[in-house]
Amino acid sequence: MSSPATPNRAEEYKLKDTKPQLGERWPHGGLRGGGGWISSERATSTYDLVEQMFYLYVRVVKAKDLPTNPVTGSCDPYVQVKLGNYKGYTRHFEKKTNPQWNQVFAFSKDRIQSSVVEVYVRDREIVARDDYIGKVVFDMHEVPTRVPPDSPLAPQWYKLEHRRGDSKVRGELMLAVWMGTQADEAFPESWHSDAASVEGDGVYNIRSKVYVSPKLWYLRVNVIEAQDVEPRDRSQPPQAFVKAQVGNQILKTKLCQTRTTNPMWNEDLLFVAAEPFEEHLALTVENKVTSAKDEVMGRLELSLNIFERRLDHRAVHSRWFNLERFGFGVLEADKRHELKFSSRVHLRVCLEGAYHVLDESTMYISDVRPTARQLWKQPIGILEVGILSAQGLLQMKTKDGRGTTDAYCVAKYGQKWVRTRTITESSNPKWNEQYTWEVYDPCTVITIGVFDNCHLGKNDKPADSRIGKVRIRLSTLEMDRIYTNSYPLLVLQPSGLKKMGELQLAVRFTCLSIASIIYLYGHPLLPKMHYLHPFTVNQLDSLRYQAMNIVAVRLGRAEPPLRKEVVEYMLDVDSHMWSMRRSKANFFRIVSLFSGVISMSKWLGEVCQWRNPVTTVLVHILFFILICYPELILPTIFLYMFLIGIWNFRSRPRHPPHMDTKLSWAEAVHPDELDEEFDTFPSSKLQDVVRMRYDRLRSVAGRIQTVVGDIATQGERFQALLSWRDPRATSLFIIFCLIIAIVLYVTPFQIVALLAGIFWLRHPRFRSKLPSVPSNFFRRLPSRADSML
């Protein structure tokens, strides 16, 4: 019974092709499409990557001359919009006969079960039943259709009818009613019938929103020296160090080697800061009294806005800052905040604008632009993503005794985050929302995650639950092709690998300038300052963690908030943690790279053993030719690679990359290894010695795992040269091979060898600190890291 189940499970984890009905289609001779339906590959609409969804919109603007209650003498009006079983309510106003609401209600056409729309105006009562003031009724067949980019429908005044409909009552209501799609600009902020059960503040947590990551800077604080710092015990010179703090980031310089009142350090401290600069640079000069005790000898607090922003590595002027020194003892209590101008510190501080502040792993990087906008280049393409729907989502929580899921999607690329609206109580939600990003580098990755909304009012959970995510590397996409696929949503849990459902996407990468893309393949991925004046590995890890925290905090302050657990999952905050499963996966990635070498050695063995006499004779003839004419060796190799690349074009990948469970070693993982992977860091073990050794092992093994993964990445990039995983890179490489083959055929081998040797042995003066063009091209090639869970 187990053997047939394995292929079925493997099929579940694969990518599937879908054929959704994309684009706007307006029947009955609508404005778009002339006399019928639009069925072209690319419609003129900006919503051509999603399925069209029709909604009935009701905009309630305001009312005037509403009658007051004869008993209370006042009117607390609100509006109820009723369509079949769906009812939407505006907020109510107290003691106002001319209220203004300006609220929009959207009712899904697929769920409409009534032929009329009823709009009631009611007077809110605290004790008794709400009083009825009047109503306006619309026939569904008479509602006009609005086709963007037409201007919004102008609202009109309507007389309120009595309940019986035979007599007019005092008061008028301004309304606009029309039929439209999700492309309507009123859609994002409207009340949706799909979420009619959401109450209270939960309404704000279901709307679609676009977020922008804060602009991040690296803050470089060069602590040079201090003068006239005095400890409490003046009989002994201090052993000083400087502690600097920006927000939650705290860094310390090394101890000054000599005990002196004029210590010197000349040490760089690096922080991450976000605009607008809300935090200050707080700096203290402290004395190391004992191994467990430090005393403050002076303080300094500076606004980040006063520091220079540099766009290269030119020298920044240093400045002396007076330390605010606090008095010692009771006798000097009145001088506690007196400035002592004799104590000061020498600093060189600047905001680095020529670096890209990394807030995500470089394996899945989505943006490579430097911080300073002046250094940005023009975009080279447009990425469009239609988030269509999800299928078969698992029930994530219990509501009223039954399982339910309130799903929404988050997509992150560059500085732009998008969040779809939440579809409540549905295992097969349909979002059909389309978003667009400017692309500045094709060798980047977009991440799309699905989450369960746990903040809809009652019984809120502390965190939104993960349902799964998808990563797509743009360079693996063919230009101007629409990819419509269903991606498996896979999550690794302590109990094992689990498929949470499927996500249907439509993706298109449009090129604005093919010349710019070709130009980029020969240039560094990150800004040149990362190579001319690089950071250490430990600095990058620490700065990335701080940047991720800042992004999570800032996005968590939006409305609705993009919560910390969502940001951490999208940015892969734990991707560098030790995991036996990841280490195994990276090891077998390396093993698979040698399969080609092993196959080649077997083939050579078969040639030597004359298994196929014809092949062996041909190899002997080729061998004798190359021995007699050694100048043909290199052009023959390049020509063969050109032919292999052309041959592999037929079997090039047809789908974008997706999470590969076999590659990630997630299907056969041992429960004990999962327990270790989901263990906290530091470990939650009780024994102190075991914890120390265990954490040390995990830390070292995590570094080894990263190195092994990097080795595997390099080998997979070699494979990508001729595999058409990146169509543009393979095209460039095989054209290069053809040109080199032709050049080497007509050029004497001795001249080629001489030129190559001279170039390789050239003087350092003729070498650039920037990586070479072949190195840049190679580093931009895709690896299978995008498919790792």
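Keep in mind that this is a model prediction, so the values were computed, not measured.

S.K.: Would you explain the packing of helix α7 (residues 595–608) against helix α8 (residues 613–628) in this entry?
M.R.: Helix-helix packing: each pair is described by the crossing angle between the helix axes and the interaxial distance. Direction vectors running N to C along α7 and α8 enclose 95°, while the axes themselves pass 8 Å from each other. By the angle between their axes, α7 is roughly perpendicular relative to α8. Note on element contacts: α8 touches α7 through Thr615, Thr616 and Val619, opposite Trp603, Glu606 and Val607. Taken together, the residues of the contact of α7 with α8 break down into three nonpolar, two polar and one charged.

S.K.: Is there a simple way to think about the UniProt feature "transmembrane region" (unreviewed entry) in the protein chain in this case?
M.R.: As recorded in UniProt, the sites labelled "transmembrane region" (unreviewed entry) are residues 505–522, 587–605, 617–649 and 732–761. Across residues 505–522, helical content stands at 39% and strand content at 39%; the span's end C-alpha atoms are separated by 31 Å. Spanning residues 587–605, this segment combines 95% helix with 0% strand, and its end C-alpha atoms are found 27 Å apart.

S.K.: Mind showing me how you'd approach the sheet that holds strand β30 (residues 496–511) here?
M.R.: By definition, the strands of a sheet pair up through backbone hydrogen bonds, in either a parallel or an antiparallel sense. If you trace the five strands from one edge of the open sheet to the other, you get β1-β29-β30-β21-β26, paired in antiparallel fashion. Each end of this open sheet is capped by a strand with a single partner; those strands are β1 (16–17) and β26 (430–439). Pairing geometry for strand β29 (residues 482–493) and β30, over twelve bridges, is antiparallel. For Thr484, the partnering residue across the bridge sits in β30 and is Ala506.

S.K.: Sorry, what's going on with the sheet that holds strand β11 (residues 209–212) here?
M.R.: Strand order in this open sheet of five strands is β11-β25-β24-β27-β28, and the pairing throughout is antiparallel. Either end of the sheet is taken by a strand with one partner, and the two such strands are β11 and β28 (465–473). For this sheet the average axis-to-axis angle between neighbouring strands, irrespective of direction, equals 15°. Bridge count between strand β24 (residues 407–413) and strand β27 (residues 445–452): six bridges; the pairing is antiparallel.

S.K.: Looking at this structure, I do not really get the confidence of the model for the protein chain. What am I missing?
M.R.: The share of residues in the protein chain with pLDDT of 70 or more is 89%, and the mean pLDDT across the chain is 83. This model gives residues 327–334 a pLDDT under 50, and the stretch forms seven contacts once residues within four places in sequence are excluded.

S.K.: What should I look at first to understand the environment of Gly449 in this one?
M.R.: Summarising the element assignment, Gly449 is placed in strand β27. Separated by 38 residues in sequence, Gly449 and Ala411 place their C-alpha atoms 6.3 Å apart. Gly449 has contacts with Tyr408, Cys409, Val410, Gly468, Lys469 and Met570, leaving out every residue within four places of it along the chain.

S.K.: How do you make sense of the nonpolar core when you look at a structure like this?
M.R.: If you look at soluble globular proteins, the nonpolar side chains tend to sit buried side by side. If you look at the biggest cluster of nonpolar residues, it comprises 88 residues, and the most contacted ones within it are Leu383, Trp417, Trp431, Trp437, Ile446 and Leu503. Among the elements that line this core, the one with the most residues is helix α4 (residues 537–555), at seven residues. Excluding its chain neighbours within four sequence positions, the residues that come into contact with Trp437 are Gly381, Ile382, Leu383, Val385, Ala411, Tyr413, Lys416, Val418 and Ile446. Grouped together as the second largest cluster of nonpolar side chains are 30 residues, Ala226, Trp265, Phe271 and Leu351 included.

S.K.: Could you clarify how one ought to interpret the packing of aromatic side chains in this entry?
M.R.: Two numbers describe a pair of aromatic rings. These are the distance of the centres and the angle of the planes. Overall, the coordinates contain 18 aromatic pairs when judged by the stated rule. Measuring from centroid to centroid gives 5.7 Å for Phe451 and Tyr569, while their planes differ by 85°, and the two rings are edge-to-face. One end of the pair, Phe451, is in strand β27; the other, Tyr569, is in helix α5 (residues 564–570), and 118 residues separate them in sequence. By relative accessible area, which is 1% here, Phe451 ends up buried. Taking the relative accessible area as the measure of exposure, Tyr569 reaches 10% and is therefore buried. Through a chain of ring-to-ring contacts, the aromatic side chains of Tyr55, Tyr57, Trp178 and Phe187 assemble into a single cluster. Sitting above the plane of the Phe93 ring, Lys96 keeps its charged end 5.1 Å from the centroid. Of note, Arg471 hangs over the ring of Tyr364, and the distance from its end group to the ring centre comes to 3.8 Å.

S.K.: Hey, could you run me through helix α12 (residues 727–746) in this one?
M.R.: Given 3.6 residues per helical turn, the α-helix brings residues three or four places apart onto the same face. Over its 20 residues, α12 runs 29 Å from end to end, which matches the ideal 28 Å to within 8%, given 1.5 Å per residue. Along α12, the residues that are buried comprise Pro727, Arg728, Ala729, Thr730, Phe733, Ile734, Cys737, Ala741 and Leu744.

S.K.: I would appreciate a short explanation of the layout of surface pockets in the present structure.
M.R.: Empty space left among the atoms is revealed by rolling a probe the size of a water molecule over them. Computed from the structure, the second largest pocket encloses a volume of approximately 1100 Å³. Lining the second largest pocket we find 27 residues, and of these Gly596, Met600, Tyr640, Met641 and Ile644 sit closest to its centre. Those elements giving two or more residues to the lining of the second largest pocket turn out to be α6 (580–593), α7, α8, α9 (633–648) and α11 (688–723). Looking at the lining of the second largest pocket, the element that brings in the most residues is α7, giving eight residues. Classifying every residue of the lining of the second largest pocket gives 20 nonpolar, seven polar and no charged.

S.K.: When you look at the pairing of strand β25 (residues 416–419) in this model, what are you seeing that I'm missing?
M.R.: Look at any regular strand and the pattern is simple: side chains alternate between the two faces of the sheet. Sheet analysis places β11 next to β25, joined by four bridges and oriented antiparallel. Within β25, the residue paired with Tyr211 across the bridge is Trp417. What sits between β24 and β25 in their antiparallel hairpin is a turn of two residues, with Gly414 showing a positive phi close to 65°.

Reading guide: rules and limits
Residues numbered from 1 in each chain as written. Predicted model: local features only at pLDDT ≥ 70, side-chain atom pairs only at ≥ 80, totals over all residues. Heavy atoms only, no water. Axes fitted to C-alpha atoms, helices over the stretch in contact; angles between N-to-C directions. Helix = DSSP H or I, 4+ residues; strand = E, 2+ residues; numbered from the N terminus. Parallel < 35°, antiparallel > 145°, perpendicular 65-115°, else oblique. Contact = heavy atoms within 4.5 Å. Nonpolar A, V, L, I, M, F, W, Y, C, P; charged D, E, K, R; others polar. UniProt positions renumbered as here; feature names shortened; annotations may be inferred. Pairing = 2+ DSSP bridges. pLDDT = per-residue confidence, 0-100. Core = buried A, V, L, I, M, F, W, Y, C linked by side-chain atoms within 4.5 Å. Buried < 20%, exposed > 50% of the residue type's maximum accessible area, 1.4 Å probe, protein only. Phe/Tyr/Trp six-rings, centres within 6.5 Å; stacked < 30°, edge-to-face > 60°. Lys NZ or Arg CZ within 6 Å of the ring centre and 35° of its normal. Expected span 1.5 Å × (residues − 1). 1 Å grid on protein atoms, 1.4 Å probe; cavity = no way out; pocket = protein on both sides within 12 Å on 5 of 7 lines; lining within 4 Å. Points joined across faces, edges and corners; volume = space filled by probe spheres on them.

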